[in-house]
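Descriptive structure summary
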Amino acid sequence: MAMVPWIRVVLLVACLCFPVSVECMVRHYKFNVVQKNISRLCSSKPIVTVNGRYPGPTIYAREDDTVLIKVVNHVKYNVSIHWHGIRQLRTGWADGPAYITQCPIQPGQQYVYNFTITGQRGTLWWHAHILWLRATVHGALVILPKLGVPYPFPAPQKELVVILGEWWKLDTEAVINEALRSGLAPNVSDAHTINGHPGPLSTCQPQGGLKLPVRPGKTYMLRIINAALNEELFFKIANHKLTVVEVDAVYTKPFKIDTILIAPGQTTNVLVTTNLGSGKFLVAASPFMDNPTIVVDNKTATATLHYIGTLQSTKTILTAPPPQNATIVATNFTNSLKSLNSIRFPARVPLKVDHSLLFTVGLGLHTCASCTNGNRVVADINNVTFVMPKIALLQAHFFNTSGVFTDDFPGNPLNPYNYTGTQPTNLQTRKGTRLYRLAYDSTVQLVLQGTGMIAPETHPVHLHGFNFFEVGRGLGNFNPKKDPKKFNLVDPVERNTIGVPSNGWTAIRFKADNPGVWFMHCHLEVHTTWGLKMAFVVDNGKGPNESVLPPPSDLPKC
Ligand code: C2O
């Protein structure tokens, strides 16, 4: 929309003075990263927070807005913040993963993340992208549609942000450091949380929990985010159906379901109609894990959907969470997801493929004399365990600094084997800071193939800088002859984080229309730490708006 210059000035002034209260084109936020004691939880210990809040503040913006967030680091750790799912067109400097697109913000330093939200609306989130700080440093990022543009479903009367998380009694940095010392898996969390509350049924918070107050006869939209470090979660509400309308800030064909599945990194918007008049209904978030040999935190976080006016003494209507290994419930949800694919919101699935890639994702081992078993558990993609560089990859790419990374990441496994069959005798992986190079605007089909090495499980793989379409998925090994015939190229779900099924595969497609360096990793934090990560380097295009912008002057130094 063209705008008279003086209106722009008035808006800008209004934006600066009243950042969230007026319809702004520029939104300003200040994030003070500080230690804080959260007394309502079972162990009162200082945790790292943004502005002393857990979860952190919600960022509100509209499609097309520019957002400036000044992050000031007052804690003893290096910090960086990622705006999960924001495309960051040409502005990779604001993406946030430490040592990938920026050096971290050191104690006492600050950095202004500056990006414009283009062509996106819906629920995303932000989180720390260094160490395990995202356990407590995270919050919602709500992008409203452009002014005057309605949702493609009946407008809800009210919207609520629902953030699912995990809570450890111990300091999470101590938890992961101990795991790295022993070479074994880290301790699981002590509680799951809903907006920072484990809930009334938890021993971690005996006095009450979160209440979601609702009025009868209305429709509410829940913006659900899984901010947990390591666990996929089921989410349900007693006696209420959920109508799914969006995932990862992309509209879906609406469908009704009892239970949704949400992996770390993913977001899901659901509509809930309060058609029961009165009462209190349990809201439950519980883990999904279909490999019985892997230990997870089996505790259910609960809250109550509380009809306004219901007597305090009324009993909460309970609901049983699905069993931990309820693959059927998980698959039923996943298979129901389709892009809305309307005239206004078309699914632009790449139909031709320039790069056909197959990446195996799973665990492996490295010999380690000081470790408990003489080996350290690691993770890898195509047998490469990613080694973090000492300076940011995007800087190395932009300034042509050699010796930081190589661009020879294998596009296909170097030694193909039966990935989901009996595991091979050699489980050792290679190390490397290897990237895969893509020409601007080239198209990619990437089959993510889960392996049975050590412990098969679902891997929620997240790609920075892009959305992708999931054109197919299946169990066992991907069959390049048969499986593509069944691909959905019409209305596949579009998202930024996808669960690779345990001992199975998923095929995604995207167009490399965003120059820069883009991280891809498993969003189970333990697997990221163990090396299940790599990056794509997308070269600049030839056109005027097809190059990475120069770095901002306050970009942190290593
Ligand atoms: Cu939500 Cu690279 O992460």
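The written sequence of each chain sets the order in which its residues are numbered from 1. Under the rules for a predicted model, residues below a pLDDT of 70 receive no local features and side-chain atom pairs below 80 are neither given nor counted, while totals for whole chains, interfaces and linings still include all residues. As a convention, hydrogens and water are excluded, and side-chain values are obtained from all of the structure's heavy atoms.

**A few points about the side chain of H355**
Applicable threshold: Strands are runs of DSSP state E lasting at least 2 residues, helices are runs of H or I lasting at least 4, and numbering of each runs from the N terminus. Polar contact criterion, stated in full: a pair of N or O atoms within 3.5 Å, where within protein one must be able to donate a hydrogen and the other to accept it, and residues adjacent in sequence count only if both atoms are side-chain atoms.
Looking at the element boundaries, H355 is found in strand β21 (residues 355-367). There is a polar contact of 3.1 Å between the side chain of H355 and the side chain of Y436.

**Re the sheet that holds strand β2 (residues 46-50)**
Threshold: Two strands pair if DSSP finds at least two bridges between them. Angles shown run from 0 to 180 degrees and are taken between the N-to-C directions of axes, each axis being a line fitted to C-alpha atoms and, for helices, limited to the stretch in contact.
Spatially, β2-β1-β4-β6 is the arrangement adopted by the four strands of the open sheet, whose pairing is mixed. In this open sheet, the two edge strands, each paired with only one partner strand, are β2 and β6 (110-116). Within the sheet, the average angular offset between the axes of one strand and its neighbour, ignoring direction, is 15 degrees. With seven bridges connecting them, strand β4 (residues 66-73) and β6 associate as antiparallel partners. Bridge pairing in β6 places V72 opposite Q110.

**Regarding the sheet that holds strand β8 (residues 138-144)**
Read from one edge of the open sheet, four strands run β3-β8-β7-β5, paired in mixed fashion. Only two strands of the sheet have a single neighbouring strand rather than two, namely β3 (59-62) and β5 (81-84). With strand direction ignored, the average angle separating the axes of adjacent strands in the sheet is 20 degrees. Note: strand β7 (residues 122-128) against β8, six bridges, orientation antiparallel. By the bridge assignment for β8, T123 is matched with V142.

**Some thoughts on empty space enclosed by the protein**
Filter applied, for reference: In this analysis a 1.4 Å probe is tested at points of a 1 Å grid over the protein atoms alone, and where it fits but cannot get out there is a cavity; an open set with protein on both sides within 12 Å along at least five of seven lines is a pocket; lining residues have an atom within 4 Å of a point. Grid points are joined across faces, edges and corners, and a volume is the space filled by probe spheres set on the points. Amino acid classes used here: Ala, Val, Leu, Ile, Met, Phe, Trp, Tyr, Cys and Pro are nonpolar; Asp, Glu, Lys and Arg are charged; the rest, including Gly, are polar. Start and end points for every domain follow an automatic or database-based domain assignment.
The tally for this structure, following the rule as stated, stands at two cavities of 30 Å³ or more. Here the largest cavity defines a volume of roughly 70 Å³. N230, E231, E232, F288, M289, D290, V296, E457, T458 and L524 are the residues that line the largest cavity. Taken together, the residues that form the lining of the largest cavity break down as four nonpolar, two polar and four charged. Looking at which domains feed residues into the lining of the largest cavity, each of domain 2 (158-336) and domain 3 (355-546) supplies at least three.

**Notes on the domain arrangement of the protein**
Using the following cut-off: Here, residues are in contact when the closest pair of their heavy atoms is within 4.5 Å. Summed over both partners, buried area is the accessible surface (1.4 Å probe) that two parts give up on being assembled. Salt bridge criterion: a side-chain nitrogen from Lys or Arg within 4 Å of a carboxyl oxygen from Asp or Glu.
What the domain assignment lists for the protein is domain 1 (10-144), domain 2 (158-336) and domain 3 (355-546). Each of domain 1 and domain 3 has a C-alpha centre, and these two points are 26 Å apart. The interface is formed by 25 residues belonging to domain 1 together with 31 residues belonging to domain 3. Where domain 1 abuts domain 3, roughly 2200 Å² becomes buried across the two surfaces, and 59% of that area is made up of carbon and sulfur atoms. Applying the counting rule to domain 1 against domain 3 returns two salt bridges. For E525, the salt bridge is made with R134, and the minimal N-O distance between the two is 2.6 Å. For the pair domain 1 and domain 3, the number of links is 20 residue pairs in polar contact (both at pLDDT 80 or more).

**Description of the pattern of salt bridges**
Using the following cut-off: The classification of residues rests on relative accessible area computed with a 1.4 Å probe and restricted to protein chains. Under 20% of the type maximum is buried, over 50% is exposed, and intermediate values are partly exposed.
Under the criterion given, the structure shown has 19 salt bridges. Residue R87 pairs with D513 through a salt bridge whose shortest N-O separation is 2.8 Å. Taken together, the positions of R87 in the loop between β5 and β6 and D513 in the loop between β31 (504-511) and β32 (516-522) put the pair 426 residues apart, joining distant regions of the chain. We classify R87 as buried; its relative accessible area is 16%. We note a salt bridge from K253 to D491, for which the minimum N-O separation is 2.7 Å. With K253 in strand β15 (residues 250-257) and D491 in the loop between β28 (468-475) and β29 (494-495), the pair connects residues that are 238 residues apart, well separated along the chain. Through salt bridges with shared partners, a single ionic network connects E63, D64, R121 and K146.

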